[in-house]
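Coordinate inspection notes
Here are the chains, one letter per residue:
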Amino acid sequence: MIRVLLAEDQHVIRGALVALLGLEQDLEVVAAVESGDQVVAAALAHRPDVAVLDIDMPGAIDGLEAAGRLRTRLPGCRTLMLTAYGKPGHLRRALDAQVDGFVLKTVPPEELAAAIRKVAAGERVLDPSLAVTAWDLADNPLTPREADVLRMAADGAEATEIATRLFLSAGTVRNYLTAIVAKLNARNRTDAARIAREAGWI
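It should be emphasised that the depicted structure is a prediction, and the values quoted were computed from it without experimental measurement.

**What to know about the overall build of the protein chain**
A tally of helices and strands in the protein chain yields 10 helices and 6 strands. For 202 residues, the compact-globule estimate of 2.2 N^0.38 gives 17 Å, and the C-alpha radius of gyration of the protein chain, at 18 Å, lies within 12% of that figure. Taking the principal axes of the C-alpha coordinates as reference, the protein chain spans close to 60 × 35 × 30 Å. Put simply, the protein chain has 202 residues, and 45% of those count as buried. For the protein chain, long-range pairs separated by at least 24 residues make up 65% of all intrachain contacts whose partners lie at least 6 apart in sequence. A distance of 5 Å separates the average location of the 23 positive side-chain charges in the protein chain from that of its 27 negative side-chain charges.

Laid out in structure tokens, this is it:
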């Protein structure tokens, strides 16, 4: 029996996945959580063989960050990323995080179950539709600090608020934003946030 942890923020999708995976005789969903913040604690409590993680989840950490923490805290648990979008930046981050699989939410249930079995058996799984993207990924031009600044700005935070939260001066934050706009060839910070989100960099 393969023990599965499922992390998906949308209640209906989470419930459907639990039900569908429950129909497989060799799969058992031992935990289902709704945010990246809950993943590690649930995994330590239930010891799954495979964690199926949505990339875009609310909370302080997303699915990819949760996967990285899982690798450190519970190395025996393998990770399969599930996403609605095959963004190049997400795929790059997933590969950098050494996740074991990456599939789209549009895959049929039997293919998701097969992907879980392959990951549990030690194989790597990449959705075929993403294979071409994997060959030609643009590197994220933003530094981690620039990504933090842009993420906060995209959520509506002003320079003074970002400065307070990141322990920087407001001038430094404005300099970061200017550099970000230039790096992304954007018209302004709103356009920069759009470009970075579409690429999966924030």
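**Description of the pattern of salt bridges**
The tally for this structure, following the rule as stated, stands at 14 salt bridges. In this structure, Glu-8 and Lys-105 form a salt bridge, with 2.8 Å as the shortest nitrogen-oxygen distance. Within this pair, whereas Glu-8 is found in the loop between strand 1 (2-7) and helix 1 (11-22), its partner Lys-105 is found in the loop between strand 5 (101-104) and helix 5 (109-120), the two being separated by 97 residues in sequence. The class of Glu-8 is buried, set by a relative accessible area of 1%. Here Asp-148 and Arg-151 are joined by a salt bridge, their closest N and O atoms 3.0 Å apart. Of this pair, Asp-148 and Arg-151 both sit in helix 7 (residues 144-154), 3 residues apart, which is roughly one turn of the helix. On the basis of relative accessibility, which here comes to 33%, the residue Arg-151 falls in the partly exposed class. A single salt-bridge network, built from bridges that share partners, covers Glu-8, Asp-54 and Lys-105.

**A few points about the environment of Ala-16**
Looking at the secondary structure, you find Ala-16 in helix 1. Residues Ala-16 and Ala-196, 180 residues apart in the sequence, show an inter-C-alpha distance of 31 Å.

Reading the values: the criteria
- What you see as residue numbers is a count from 1 along each chain, following the sequence as written.
- Residue-level local features of this predicted model are given only where pLDDT is at least 70; pairs of side-chain atoms are given and counted only at 80 or more, and the full residue set underlies all totals for whole chains, interfaces and linings.
- To obtain the side-chain values, all non-hydrogen atoms of the structure were included, while hydrogens and water were left out.
- Each helix is a run of DSSP H or I of at least 4 residues and each strand a run of E of at least 2, with the numbering of both proceeding from the N terminus.
- C-alpha atoms define the radius of gyration, and 2.2 Å times the number of residues to the power 0.38 defines the globule rule.
- Relative accessible area decides the class of each residue, using a 1.4 Å probe on protein chains only: under 20% of the type maximum gives buried, over 50% gives exposed, and in between gives partly exposed.
- Any two residues whose heavy atoms approach within 4.5 Å are treated as being in contact.
- Asp and Glu are treated as the negative residues and Lys and Arg as the positive ones, with His and the ends of the chain left uncounted.
- To locate a charge, the coordinates of NZ of Lys, CZ of Arg, CG of Asp or CD of Glu are taken.
- Salt bridge, as used here, is a side-chain nitrogen of Lys or Arg placed within 4 Å of a carboxyl oxygen of Asp or Glu.

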